[in-house]
Amino acid sequence: MVKQRKYPIGIQTFSEIIRGGYVYVDKTDLVWQLQDYAKYIFLSRPRRFGKL
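Our subject in this report is the structure included herewith. (Residues numbered from 1 in each chain as written. Predicted model: local features only at pLDDT ≥ 70, side-chain atom pairs only at ≥ 80, totals over all residues. Heavy atoms only, no water.)

What the protein chain contains, in helices and strands, is two helices and zero strands. Here the C-alpha radius of gyration of the protein chain, 15 Å, is well above what a compact globule of 52 residues would show, namely 10 Å. By its C-alpha atoms, the protein chain is 45 × 30 × 20 Å across when sized along the principal axes. In the protein chain, buried positions account for 4% of the 52 residues. Of the roughly 5800 Å² that the protein chain leaves accessible, carbon and sulfur atoms contribute 57%. Looking at the protein chain, you have 10 positive and 4 negative side-chain charges, and the mean spots of the two groups are 12 Å apart. (Helix = DSSP H or I, 4+ residues; strand = E, 2+ residues; numbered from the N terminus. Rg over C-alpha atoms; globule rule 2.2 N^0.38 Å. Buried < 20%, exposed > 50% of the residue type's maximum accessible area, 1.4 Å probe, protein only. Areas by Shrake-Rupley, 256 points an atom, 1.4 Å probe, with all protein chains shown as cover. Lys, Arg positive; Asp, Glu negative; His and termini not counted. Charge placed at Lys NZ, Arg CZ, Asp CG, Glu CD.)

This part is about the packing of aromatic side chains. Per the stated rule, a full pass over the model turns up one aromatic pair. One residue, Lys6, lies across the ring of Tyr22, its end atom 4.8 Å from the ring centre. (Phe/Tyr/Trp six-rings, centres within 6.5 Å; stacked < 30°, edge-to-face > 60°. Lys NZ or Arg CZ within 6 Å of the ring centre and 35° of its normal.)

Okay, a nonpolar patch on the surface next. Together, Phe14, Ile18 and Tyr24 make up an exposed nonpolar region whose accessible area comes to about 320 Å². On the secondary structure map, Phe14 appears in helix H1 (residues 14-19). Take Phe14: its relative accessible area is 46%, and that puts it in the partly exposed class. (Patch = residues over 30% accessible without salt bridge, like charges linked within 9 Å, V, L, I, M, F, W, Y side chains within 5 Å. Salt bridge = Lys/Arg side-chain N within 4 Å of Asp/Glu carboxyl O.)

What follows is the structure in structure tokens.
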């Protein structure tokens, strides 16, 4: 049987994501690769992202 993954919808803190066993994908390495990709890069985010 496949274990269902929990997604951290509405959870704001990293510690709660880890303690709760939620899915977490670390993309830090991709940021370092991105710096060599182009001179200027625009990173947008959804409206109210990270706001309470």
